[in-house]
Number of protein chains: 2
Amino acid sequence: MNDTGGYRGAALRVLNDAGAAVGDSVVITYKDGTRRAGLLMPRYEHDDDTHVVTKLSSGYNAGIDVDRIREISVDRRSAVTDIGRGDSNGNGDDAAAEPPGSAARNRAGEKRILLLSTGGTIASRIDYRTGAVTPVLSASELLDSIPELADIAEIDSEVVISEYSENIMPEHWLTLARRIDERVTGLGAGDAAVVGDGGKSGTAGDAAASAGDIRPYAGIIVAHGTDTMHYTSAFLSFALAGLPIPVVLVGAQRSPDRASSDAATNLIGAARFIDSHNGGGVYVAMHGGSGDDEIACHVGTRVRKNHTSRRDAFETIGGRPAFAVSAGGGVSPGASDPDGAGRPRPGPGYSPKISLDQRVALVKYHPGYDPAHLGHIIDSGCRAVIFEGTGLGHVGRAVYGQVARAGERGVFMGMTSQCIDGRTAMTVYESGRDLMEMGVVPLGDMIPEVALVKAMWAASLAEDSEGIRRIMLENVAAEMTAR
Amino acid sequence: MNDTGGYRGAALRVLNDAGAAVGDSVVITYKDGTRRAGLLMPRYEHDDDTHVVTKLSSGYNAGIDVDRIREISVDRRSAVTDIGRGDSNGNGDDAAAEPPGSAARNRAGEKRILLLSTGGTIASRIDYRTGAVTPVLSASELLDSIPELADIAEIDSEVVISEYSENIMPEHWLTLARRIDERVTGLGAGDAAVVGDGGKSGTAGDAAASAGDIRPYAGIIVAHGTDTMHYTSAFLSFALAGLPIPVVLVGAQRSPDRASSDAATNLIGAARFIDSHNGGGVYVAMHGGSGDDEIACHVGTRVRKNHTSRRDAFETIGGRPAFAVSAGGGVSPGASDPDGAGRPRPGPGYSPKISLDQRVALVKYHPGYDPAHLGHIIDSGCRAVIFEGTGLGHVGRAVYGQVARAGERGVFMGMTSQCIDGRTAMTVYESGRDLMEMGVVPLGDMIPEVALVKAMWAASLAEDSEGIRRIMLENVAAEMTAR
């Protein structure tokens, strides 16, 4: 390591301008006003020159894109340059340098898990008079109803939202992602904390602070309605890409007070998965079959609700679930992907990008689709259109006029297939080639719903169609699998 | 049988007004100008009083809704009232009274099959220079390339349309349905023929006439692109409901000149299915697995293209295919429906309703769906909206305003689920109950694409939302399965 701590190029310039050096406690102010405090970490020489990495009070490293940084202020100069040492922040609390997994265990060997509730059947009771289901349970009531969870982990709970998932909106995705980020980093958005005092005074997140326990969470369970759970899991996958701990969305197809409820088994499966899993990533945990003997953990960008009522309604598209939790508690990787190539991989550091732009539309083409509807979408100021085309990724000639107009207006157009399974291939037939010439971008085997969510996220990060295209084609959170 | 030939009520009044009696050769003029000639058949006393049944020159019975009849003219009075006798039309040609299946066999025991081509990969060749696929084969070239077909049946061929299926439009469905109807009835739309002269002079359909063979077809194969084959099969199922012979749509995922092509196996499977099948109905025949050992015959309203490229891309939703044709040629009913409850059943007679109204839209709801897009659809004069809701059949509260407006405007609203599998259940959650109160009609386990096509068809037959609703909830062609 050289005396610039491995930094070079753009990142080094930003640090030099601030007079910051590796080992310094810094407060970084983002261009959007958010602030993050941490200990400035070294970089490896072969890393890119566009990220600054800090170690947060929680012990996690966060990589921050230099383009997002407005200002870096140095809080207290430190002599430490070898951040590998556990006592680097000078207080003997070595949680900051231990791997999160082990740090998250208490003296009884239990990990800490945070349960966030957003509503849905999993937090509901059935009205036996009408047969209708109504939302009544708080997250802690839900916990109380499943005592087995306490045997697996120490669980904190919070209610973030209380909606059935058909009413979950993109704004809710933002709320949820911010809350998760706060609980992982120990910081509230817009707040700043200083790591240099031992990582204790700066925990602005109320739950983490009130718990009086600074061990970081080993994972977060999100109780969520099943209707749109896969849309939410996709957004969290993109917005929180690189998150070092697992976030597991769990729903129920039957309310917890029914004998056939899948709420308990799914929650227990998710907790066991977190207990055993050392990587990060966003997952959906639901029944893996019609029995109670297996909970499937699906990658958050590869999963879809494929049945209205079955308990094993969720399926990994184009493969098997990433992990299976057996009734006995064993966790094993999915047979079709034992080396995890199709799972989210940690990036150069956790660098959340919690934003979206709703000016995106999903257009499902069908014979008789009225091109005027696409015209209206273009005129309404949409920045991106995701087509659910037919077969390998086609729309009929009748729509070409509007497709061309969208291209000319700088609307990003991405192509997925309403077949759901398989991948687009737009060079095989004339139609596909024509559409590509008009600017339509084939999105491989990205699931239409995931492509929609990703486009909302990409549109908030990019200024133009070309910028959106670049993000859409980058495999951010295992949303595309290798052919 | 009484002396009114079993007719009563409305049907009897129409016949009495025309002075027509059972056994008469009649020419029926529809309100839309179409004419049909045939022999007036008796009815069973327990049949309804709203259909008049004639035996066409092809030997098939056609039931005609009395509401569609403008005029009946009697061509020649006949003494025959017992239509069961083979020589009923007085010329010794007994084809007209034999069951179609046996009548369709020639002296070598072979049936006649008609192959209609509409284009698609099945009628294409690959360009080995570019790897692209281009449409080149006529129906007869296609036949020539598969000599095995001649061993199964005597096959006539015609080109009806030449389009890849992403460019097949509802207008093409009409063209195809009319051609099938003409070939089955031996009459062109708007033409009329008289059965009484021996059933020979009146065959207005040119192919049937030019073939010089008046044996009716045992079945019709439609070669079709796979992208939208399931939309076309749905339309034919509704428009030609009650058709006494099978219509089998066949496509290919690989062009016929490739070693891995599925064109030949699918066509041969379809021909074998027709050779063995005595009922009617519209089916889709494609690979039943990744090997060549089974061709699956799916009910035309229960099938969906669920993979972009696999040869077994088509799947029966919510069950197994209706029939399987093994490599050895054996045809067996699907295991999950041995008694055929989920297959199309003959109605009170074949009474085609070949019409559609394209003022129908499919709306796939998702978090962030812009209600203004639904507003535009309503304002554009749509008569029906099919929602692809989430889960059991929901859309978010954000859309309620436009849903209520659509209801007030008399737009029919039907609910399906984007889960594809399973069925809607809108009384379980508040959202569903709210939507039903605004007029949204749950459509059971109807597949969204099928519901869209059915709504186009229903809108052309009904004057208002209530009329559309009635047709949508009637199980016309096995599009809904029993719970």
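Predicted model only: the values in this text are computed from it and were never measured.

Peer 1: Could you give an account of the overall build of chain A, naming the residues involved and the relevant values?
Peer 2: Across its full length, chain A holds 13 helices and 21 strands. By residue count, 60% of the 483 residues in chain A fall in the buried class. Sequence-distant contacts in chain A: of pairs separated by 6 or more residues, those separated by 24 or more amount to 70%. Element-wise, carbon and sulfur atoms account for 46% of the exposed surface of chain A, whose accessible area totals about 17,300 Å².

Peer 1: Give a description of the sheet that holds strand β18 (residues 360-364) of chain A that names residues and reports values.
Peer 2: Residues and elements named next belong to chain A. One open sheet accounts for four strands, arranged β18-β19-β20-β21; its pairing is parallel. Lying at the two open borders of the sheet, with one neighbouring strand each, are β18 and β21 (440-442). Strand after strand, the sheet turns through a mean of 25 degrees between neighbouring axes, direction not considered.

Peer 1: Lay out the sheet that holds strand β20 (residues 412-417) of chain B with the relevant residues and their values.
Peer 2: Residues and elements named next belong to chain B. Spatially, β18-β19-β20-β21 is the arrangement adopted by the four strands of the open sheet, whose pairing is parallel. Bordering the open sheet on either side are β18 (360-364) and β21 (440-442), each of which pairs with just one other strand. Averaged over all pairs of adjacent strands, the angle between their axes in this sheet comes to 25 degrees, without regard to strand direction.

Peer 1: Explain the relation of the copies chain A and chain B residue by residue, including any values.
Peer 2: Mapping chain A onto chain B calls for a screw motion: a turn of 180 degrees about the axis and a shift of 0.0 Å along it, with 0.2 Å RMSD after fitting. Considering both components of the superposition, the chain copies are consistent with a two-fold axis.

Peer 1: Mind laying out the confidence of the model for chain A, listing which residues take part and the relevant values?
Peer 2: Residue and element names in this part refer to chain A. Across chain A, pLDDT averages 82, with 80% of residues at or above 70. Residue range residues 77-103 is modelled with pLDDT below 50. Its contacts to residues more than four positions away, or to other chains, number 43 contacts. Low pLDDT (under 50) marks residues 188-212, which in the prediction has 51 contacts with non-local residues, meaning those over four places away or in another chain.

Peer 1: So, unusual backbone geometry: which residues are in play, and what are the values?
Peer 2: Here the phi dihedral of Ile420 of chain A falls at roughly 75 degrees; this positive angle occurs in a residue that is not glycine. Here Ile420 of chain A shows up in the loop between β20 (412-417) and α11 (430-437).

Peer 1: Break down the packing of aromatic side chains for me, with residues and values.
Peer 2: Here the structure, examined in full by the defined rule, presents 14 aromatic pairs over all chains. Geometrically, the ring pair formed by Tyr365 of chain A and Tyr369 of chain A is tilted, given 6.4 Å between the ring centres and 55 degrees between the ring planes. Considering the side-chain rings of Trp173 of chain B and Phe235 of chain B, the 5.5 Å spacing of their centres and the 25 degrees angle between planes classify their relative orientation as stacked. Here Trp173 of chain B is found in helix α5 (residues 170-185), whereas its partner Phe235 of chain B is found in helix α7 (residues 229-239), with 62 residues between them in sequence. Relative accessible area serves as the criterion here: at 0%, Trp173 of chain B is assigned to the buried category. When its relative accessible area of 0% is taken as the criterion, Phe235 of chain B is described as buried. Through pairs of rings, three or more aromatic residues link up here, namely Phe273, Tyr283 and Phe323 of chain A.

Peer 1: Give me the side chain of Thr29 of chain B: which residues, what numbers.
Peer 2: By the element assignment, Thr29 of chain B lies in strand β1 (residues 25-30). Leave out the neighbours within four places in its chain, and Thr29 of chain B touches Thr34, Arg35, Arg68, Ile69, Arg70 and Glu71 of chain B.

Peer 1: Before we move on, can you summarise the packing of helix α9 (residues 371-379) of chain B against helix α10 (residues 400-408) of chain B with the specific residues and values?
Peer 2: Residues and elements named next belong to chain B. Close contact between α9 and α10 brings their axes to 9 Å; oriented N to C, the two are set at 10 degrees. Judged by the angle between their axes, α9 and α10 are roughly parallel. Classified by chirality, the crossing of α10 by α9 is left-handed. Of the residues in α10, those touching α9 at Pro371, Leu374, Gly375, Ile378 and Asp379 are Gln402, Val403, Arg405 and Ala406.

Peer 1: Any chance you could break down the interface of chain A and chain B for me, citing the residues and the numbers?
Peer 2: In this assembly, 57 residues from chain A lie in contact with 57 residues from chain B. Taken over both partners, the interface formed by chain A and chain B buries close to 4,800 Å², and the fraction arising from carbon and sulfur atoms is 53%. Where chain A touches chain B, the interface holds six salt bridges. Two residues, Glu388 of chain B and Lys364 of chain A, come together in a salt bridge whose shortest N-O distance is 2.4 Å. Connecting chain A to chain B are 28 residue pairs in polar contact (both at pLDDT 80 or more). Every element with two or more residues in the side of chain A that touches chain B is listed here: α5 (170-185), β14 (303-305), β18, α9 (371-379), α11 and α12 (448-461) of chain A.

Peer 1: Describe in detail the side chain of Arg304 of chain B, supporting the description with residues and values.
Peer 2: Structurally, the position occupied by Arg304 of chain B is in strand β14 (residues 303-305). Of the polar contacts made by the side chain of Arg304 of chain B, one reaches the backbone oxygen of Gln418 of chain A; its length is 2.7 Å. In this structure the side chain of Arg304 of chain B is engaged in a polar contact, spanning 2.8 Å, whose partner is the side chain of Asn306 of chain B. Aside from chain neighbours lying at most four places away, what touches Arg304 of chain B is Lys364, Gln418, Cys419 and Ile420 of chain A together with His230, Ala313, Phe314, Glu315, Ile317, Ile420, Ile447 and Glu449 of chain B.

Peer 1: I'd like a rundown of the packing of α5 of chain B against α7 of chain B, residues and numbers included.
Peer 2: All names here are of chain B. Packing of α5 against α7 leaves a shortest axis separation of 10 Å and a crossing angle of 50 degrees. What the angle tells us is that α5 and α7 run oblique. The two elements α5 and α7 cross, and the hand of that crossing is right-handed. Side by side, α5 and α7 meet where Trp173, Leu174, Leu176, Ala177 and Ile180 of the first sit next to Tyr231, Thr232, Phe235 and Leu236 of the second. Within the contact of α5 with α7, the residues separate by chemical class into eight nonpolar, one polar and no charged.

Peer 1: So, the pattern of salt bridges: which residues are in play, and what are the values?
Peer 2: Under the definition given, this model contains 40 salt bridges over all chains. With a shortest N-O distance of 2.8 Å, Asp312 of chain A and Arg310 of chain A are connected by a salt bridge. Judged by relative accessible area, which is 15%, Asp312 of chain A ranks as buried. Among the residues examined, Arg310 of chain A registers a relative accessible area of 39% and is labelled partly exposed. Between Asp379 of chain B and Arg405 of chain B there is a salt bridge, and its shortest N-O distance comes to 3.1 Å. Of this pair, Asp379 of chain B sits in helix α9 while Arg405 of chain B sits in helix α10, and the two are 26 residues apart along the sequence. It is possible to trace a salt-bridge network through shared partners that takes in Glu158, Arg179, Glu182 and Arg183 of chain A.

Peer 1: Lay out the pairing of strand β6 (residues 111-117) of chain B with the relevant residues and their values.
Peer 2: Successive side chains on a regular strand alternate, one facing one side of the sheet and the next facing the other. All names here are of chain B. Of all seven residues in β6, seven are buried; the element is thus mostly enclosed. Residues of β6 alternate between two faces, with Lys111, Ile113, Leu115 and Ser117 on one and Arg112, Leu114 and Leu116 on the opposite face, all of them buried. Relative to strand β9 (residues 153-159), β6 is paired through seven bridges, and the arrangement is parallel. Within β9, the position partnered with Leu114 by the bridge is Asp156. Pairing of β6 with strand β10 (residues 219-223), which is carried by five bridges, proceeds in the parallel orientation. Pairing of Leu115 across the sheet is with Ile221, part of β10.

Peer 1: Give a description of the environment of Ala218 of chain A that names residues and reports values.
Peer 2: All names here are of chain A. Residue placement: Ala218 occurs in the loop between α6 (206-210) and β10 (219-223). Owing to a relative accessible area of 6%, Ala218 belongs among the buried residues under this scheme. Residues Ala218 and Gly432, spaced 214 residues apart in sequence, show a C-alpha to C-alpha distance of 46 Å.

Cut-off values and rules
Residues numbered from 1 in each chain as written. Chains lettered and ligands numbered in written order. Predicted model: local features only at pLDDT ≥ 70, side-chain atom pairs only at ≥ 80, totals over all residues. Heavy atoms only, no water. Helix = DSSP H or I, 4+ residues; strand = E, 2+ residues; numbered from the N terminus. Buried < 20%, exposed > 50% of the residue type's maximum accessible area, 1.4 Å probe, protein only. Contact = heavy atoms within 4.5 Å. Areas by Shrake-Rupley, 256 points an atom, 1.4 Å probe, with all protein chains shown as cover. Pairing = 2+ DSSP bridges. Axes fitted to C-alpha atoms, helices over the stretch in contact; angles between N-to-C directions. Least-squares fit on C-alpha atoms with pLDDT ≥ 70 in both. pLDDT = per-residue confidence, 0-100. Phe/Tyr/Trp six-rings, centres within 6.5 Å; stacked < 30°, edge-to-face > 60°. Parallel < 35°, antiparallel > 145°, perpendicular 65-115°, else oblique. Left-handed = near helix turned anticlockwise from the far one by under 90°. Buried area = accessible area lost by both parts, 1.4 Å probe. Salt bridge = Lys/Arg side-chain N within 4 Å of Asp/Glu carboxyl O. Polar contact = N/O pair within 3.5 Å; in protein donor to acceptor, adjacent residues only side chain to side chain. Nonpolar A, V, L, I, M, F, W, Y, C, P; charged D, E, K, R; others polar.

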